[in-house]
Amino acid sequence: MYDKERSLHIHPLDRKNDLVVQRKPDEPTGATVKEHPLPTVATVKQLYASAFRCAKPDCLRPLYKTNDDTGDLVLNSRIAHIHARRAGGPRWIEMSAEDNRSASNLVLLCIEHSYEVDDFPILFPADILRQWKAVQFEEYQQVQRGWPLNDAEAGQAIGASLQSVDFHHAGAILEGVRAAERLSLSARNVRRGPATQAAAWLATRARARRSTAWDQDGNTIYAEPSSHETRQHKAALQEALTQACEDLIPAVHNVKVELAAAKASRPSVAPWVCWVSRAADDVVAASGTWPDTPELDDDDQLEATLDKLAQATDALSAAWRGELAQSPPPVPQPKPPAVEHNPMKDHLALLERARPYARVQHRPYDAALRAELAEAASAASEIPPVMSAFALGLDATCSLAAAVAANAEDDELAILTDQDAKHRPLSVAFCLLAETARISEQRGRLVAQEHAETALLALWDSVDWSDPSSWDPIDLNLQYVIWTGARLTSPEAVANRLTLALKQQPGVLLLLVTACAGWVETLDSETMKVRDYRRRYRQLPPWFPVQAVVRAAASATPVTVDQFGETVSDDAESLLAQVLWAAKYEPA
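Not measured: the values here are computed from a predicted model.

J.: Quick question: what am I supposed to make of the pattern of salt bridges here?
T.: It is possible for side chains of opposite charge to pair when their charged atoms get near one another. Taken as a whole, this structure holds 21 salt bridges when the rule is applied. Of the charged contacts, one joins Arg53 and Glu139 as a salt bridge, the two residues approaching to 2.8 Å between their closest N and O atoms. Taken together, the residues span a long stretch of sequence, with Arg53 in the loop between helix 1 (41-49) and strand 3 (64-66) and Glu139 in helix 4 (residues 126-143) at a distance of 86 residues. In this structure Arg53 comes out as buried when scored by relative accessible area, which is 14%. Its relative accessible area of 23% is what places Glu139 among the partly exposed residues. Taking the shortest distance from any N to any O, the salt bridge between Glu112 and Arg61 comes out at 2.9 Å.

Dropping the structure here:
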């Protein structure tokens, strides 16, 4: 066997030169692969005349065998190169053409072992093959049995050795290529199912969009299909995509079976086999996706994936032929699960640890847990007070903080109360103090209750509402502070105080209007999950300084309000417009 990597279309006896330079089909001009000439007929006759059986020590197969039907001798061996005839082949080293084609670099093996020594060159290095050759010659000298060949028989041995390995392996690679091409054709064919469903969805949308309207600013608003129709089309498209993937599974399995055969036949191409296998899996994955609304037009993702499959298959074929093939891309390494810090998850876990303190009254005070809850309250102040956040918002966090500290000594509670009054934003301080007073009242802790209520009132009196910094925009629970002030004093007292603040500093108008608005949340009509939340004035609070706001807003740019007092946005100007609309129907 001379070079199993050589192309089949060149006959071994056609080589005349001592050094053959062959250009690979996909290489640019000038790319060459070094290849030594074939051994001479005389050298082959010398080899067979001085050997009887396969050179591998434990193999008893003769170099020729008898046909049981005809009695004719049939060639049962191949001429193997110890150092490959072609650059990149098994055990290749730089050597002269004459040394490469000489008898000292050739060894006779049975057909099976001639394949094996080249498929696993690491297991069969040159020194091992030279030892086999020496033992084979020693055996010949002992038994004096060889195979004298004439010129025609020597030529036949040369041709069989050159071509047989390629023919031996060709079926595996050709079937793999065919299987990959069948997968590509099948993928394009099954794509028609999802395409049909997407087209039907598009047609439904096109019919619905014939009905148009205009928003309050004159912009065109297009109708969309009903949610029922949308769900039906979405489900039909998904079902078609799932069916497409299922239809491709047999083709992918076929590719992998043929690839396994190719890898077993020639282990050296294993990296390219893996590349084609991954590309086949990618084809299935791409067949299960479709661009989402509103376009719904197919993109080039599947075609790009099929191009990559063809690229991988071409590279495998080139590697099989012994050509300089494109290197397989790195094997994607499975990414370890991302360990992301999830503040909301941590917050919920903290609340869960504290909930037992709200269920029973005998648990001892846990100072560390209480400190965690007080710190978490600052983050909770940025959670809008909507129904879906009832169990995790500021109210819940401060209530649990008070429950955890409920069995602390009076002096410990006094220290906590003084610390709580200094917390910011303001809503955290007010809520912590208010919850401490409430829990203390429930537990009959009158001293602690009085201390907390006194601190709460002092804190309310200390706030300068004409100072813009008092209206912290990050504090989404600032309305809680105003309601608490109304409970501590009266709605009229709060309204007067805010009126005075506007008179002293009109610039706080928009900050005040924003902070005093309530919150509403919008639910998805299909899933009933929260879609978004926003500030909204459903009605003006009893402590709201209506007339002062109306006067201060006299020069404000008007924002459009619909017949129900709604605005498109919930920015400060839009909220002011809602207040002005409500003031017409709810004068202070």
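Having seen it, we continue.
J.: Mind showing me how you'd approach helix 14 (residues 426-442) here?
T.: Because an α-helix completes one turn every 3.6 residues, residues spaced three or four positions apart along the sequence face the same direction. Between its terminal C-alpha atoms helix 14 stretches 25 Å, which fits the 24 Å expected from 17 residues at 1.5 Å a residue. Summarising burial for helix 14: 14 of the 17 residues are buried, a large majority. Positive phi appears at Gly444, one or two residues downstream of helix 14, with a value of about 75 degrees.

J.: When you look at the pairing of strand 5 (residues 77-81) in this model, what are you seeing that I'm missing?
T.: Successive side chains on a regular strand alternate, one facing one side of the sheet and the next facing the other. In terms of burial, strand 5 is largely enclosed, as 5 of its 5 residues are buried. Burial of the side chains of strand 5 extends over both faces: Ser77, Ile79 and His81 are buried on one face and Arg78 and Ala80 on the other. Bridge count for strand 5 against strand 6 (residues 106-110) is 5 bridges, and the pairing is antiparallel. For Ala80, the partnering residue across the bridge sits in strand 6 and is Val107.

J.: Quick question: what am I supposed to make of the packing of aromatic side chains here?
T.: Applying the stated rule across the entire model yields 11 aromatic pairs. For the ring pair Tyr537 and Phe544, a centre distance of 5.7 Å and an interplane angle of 70 degrees mean the geometry is edge-to-face. No difference in accessibility class separates Tyr537 from Phe544, as the two residues are buried. Put simply, the rings of Tyr48, Phe52, Tyr64 and Trp147 pair up and form one aromatic cluster. Its end group placed over the ring of Tyr357, Arg363 keeps NZ or CZ at 4.6 Å from the ring centre. Residue placement shows Arg497 over the ring face of Trp460; its charged tip is 4.8 Å from the ring centre.

J.: What am I meant to see in the nonpolar core here?
T.: Within soluble globular proteins, side chains that are nonpolar generally end up buried alongside one another. In this structure, Trp465, Trp471, Val513, Tyr537, Phe544 and Val549 are the most contacted members of the largest nonpolar core, which totals 41 residues. Membership of the second largest hydrophobic core comes to 33 residues, among which are Leu248, Ala279, Leu309 and Trp320.

J.: Any chance you could explain the side chain of His36 here in plain terms?
T.: Examined against the element boundaries, His36 turns out to sit in the loop between strand 2 (33-35) and helix 1. For His36, a relative accessible area of 1% gives the class buried. In terms of polar contacts, His36 uses its side chain to reach the backbone carbonyl oxygen of Met95, at 3.2 Å.

J.: Just checking my understanding: could you explain unusual backbone geometry for this structure?
T.: Backbone geometry follows two general trends: most residues other than glycine have a negative phi, and most peptide bonds adopt the trans configuration. With omega at 5 degrees, the peptide bond leading from Arg424 into Pro425 counts as cis. Summarising the element assignment, Pro425 is placed in the loop between helix 13 (410-420) and helix 14. For Arg91, which is not glycine, the phi torsion reads 60 degrees and is therefore positive. Take Arg91: it is sitting in the loop between strand 5 and helix 2 (97-101). Positive phi is not limited to glycine here, since Gln144 has a value of about 55 degrees.

J.: What's the story with the environment of Gln301 in this structure? I'm lost.
T.: Locating Gln301 in the fold gives a position in helix 9 (residues 301-320). Placed 12 residues apart in sequence, Gln301 and Thr289 show a C-alpha to C-alpha distance of 8.8 Å. Discounting chain neighbours no more than four positions away, the residues touching Gln301 are Ala286 and Thr289. Looking at Gln301, its side chain comes within polar contact range of the side chain of Thr289, at 3.5 Å.

J.: Teacher, can you tell me more about helix 12 (residues 394-404) here?
T.: Counting buried positions along helix 12 yields 9 of 11 residues, so the element is predominantly enclosed. Of all the residues in helix 12, the buried ones are Leu394, Ala396, Thr397, Cys398, Leu400, Ala401, Ala402, Ala403 and Val404. On its buried face, helix 12 sits against helix 10 (343-359), helix 11 (367-380) and helix 14.

J.: Is there a simple way to explain the packing of helix 10 against helix 12 in this structure?
T.: Geometry of a packed helix pair, given as the angle between the helix axes and the separation of the axes. Orientation of helix 10 relative to helix 12, taken along the N-to-C sense of each, is 45 degrees, at an axis distance of 9 Å. Relative to helix 12, the element helix 10 is oriented oblique. The two elements helix 10 and helix 12 cross, and the hand of that crossing is left-handed. The segment helix 10 lies against helix 12, with His347, Leu351, Ala354, Arg355, Tyr357 and Ala358 engaging Thr397, Leu400, Ala403 and Val404.

J.: Please explain a nonpolar patch on the surface as it appears in this structure.
T.: Together, Leu523, Met528, Val530 and Tyr533 make up an exposed nonpolar region whose accessible area comes to about 380 Å². Among the secondary structure elements, Tyr533 is positioned in strand 10 (residues 530-536).

J.: Quick question: what am I supposed to make of the packing of helix 12 against helix 14 here?
T.: Following both chains from N to C, one finds helix 12 and helix 14 inclined at 45 degrees, their axes separated by 8 Å at the closest point. As summarised for this structure, helix 12 and helix 14 are arranged oblique, according to the angle between their axes. Handedness of the crossing formed by helix 12 with helix 14: right-handed. Of helix 14, the residues touching helix 12 (which contributes Leu394, Asp395, Cys398, Ser399, Ala401, Ala402 and Ala403) are Ser427, Val428, Cys431, Leu432, Glu435, Thr436, Arg438 and Ile439.

The rules we used
Each chain has its residues counted from 1, following the order in which its sequence is written. With the structure being a predicted model, the display of local features is reserved for residues of pLDDT at least 70 and the display and counting of side-chain atom pairs for 80 or more, all residues being used for whole-chain, interface and lining totals. Where side-chain values are given, they derive from all heavy atoms of the structure, hydrogens and water being excluded. Any carboxyl oxygen of Asp or Glu within 4 Å of a side-chain nitrogen of Lys or Arg constitutes a salt bridge here. Numbering of helices and strands runs from the N terminus; a helix is a DSSP stretch of H or I covering at least four residues, while a strand is a stretch of E covering at least two. Relative accessibility decides the category of a residue: with a 1.4 Å probe and only protein chains considered, values under 20% of the type maximum give buried, values over 50% give exposed, and everything between is partly exposed. How far a helix is expected to stretch is found by multiplying one less than its residue total by 1.5 Å. Strands are labelled as partners when DSSP assigns at least two bridges between them. When the centres of two rings from Phe, Tyr and Trp lie within 6.5 Å, Trp using its six-membered ring, the rings pair. Their planes under 30 degrees apart give stacked, over 60 give edge-to-face, and anything left gives tilted. The criterion for a charge sitting over a ring is simple: Lys NZ or Arg CZ within 6 Å of the ring centre, and within 35 degrees of the ring normal. Among buried residues, those of type Ala, Val, Leu, Ile, Met, Phe, Trp, Tyr and Cys that are joined through side-chain atoms within 4.5 Å constitute a nonpolar core. We define a polar contact as two N or O atoms separated by no more than 3.5 Å, with the added condition that, inside protein, one atom must be a possible hydrogen donor and the other a possible acceptor, whereas residues neighbouring each other in sequence contribute only through side-chain atom pairs. We call two residues in contact when some of their heavy atoms are within 4.5 Å. Between N-to-C directions, angles span 0 to 180 degrees; the directions come from axes that are lines fitted to C-alpha atoms, helices contributing only their stretch in contact. Note on terminology: angles under 35 degrees are roughly parallel, angles over 145 are roughly antiparallel, angles of 65 to 115 are roughly perpendicular, and the others are oblique. Each crossing is labelled by how the near helix is turned from the far one, with a counterclockwise turn of less than a right angle marking it left-handed and a clockwise turn marking it right-handed. Nonpolar side chains (Val, Leu, Ile, Met, Phe, Trp, Tyr) are joined into patches within 5 Å and like charges within 9 Å, using only residues with over 30% relative accessible area and no salt bridge. In this description, accessible areas are obtained by the Shrake-Rupley approach with a 1.4 Å probe, and a residue is regarded as covered only by the protein chains that are shown.

The values are spatial; any link to function lies outside them.
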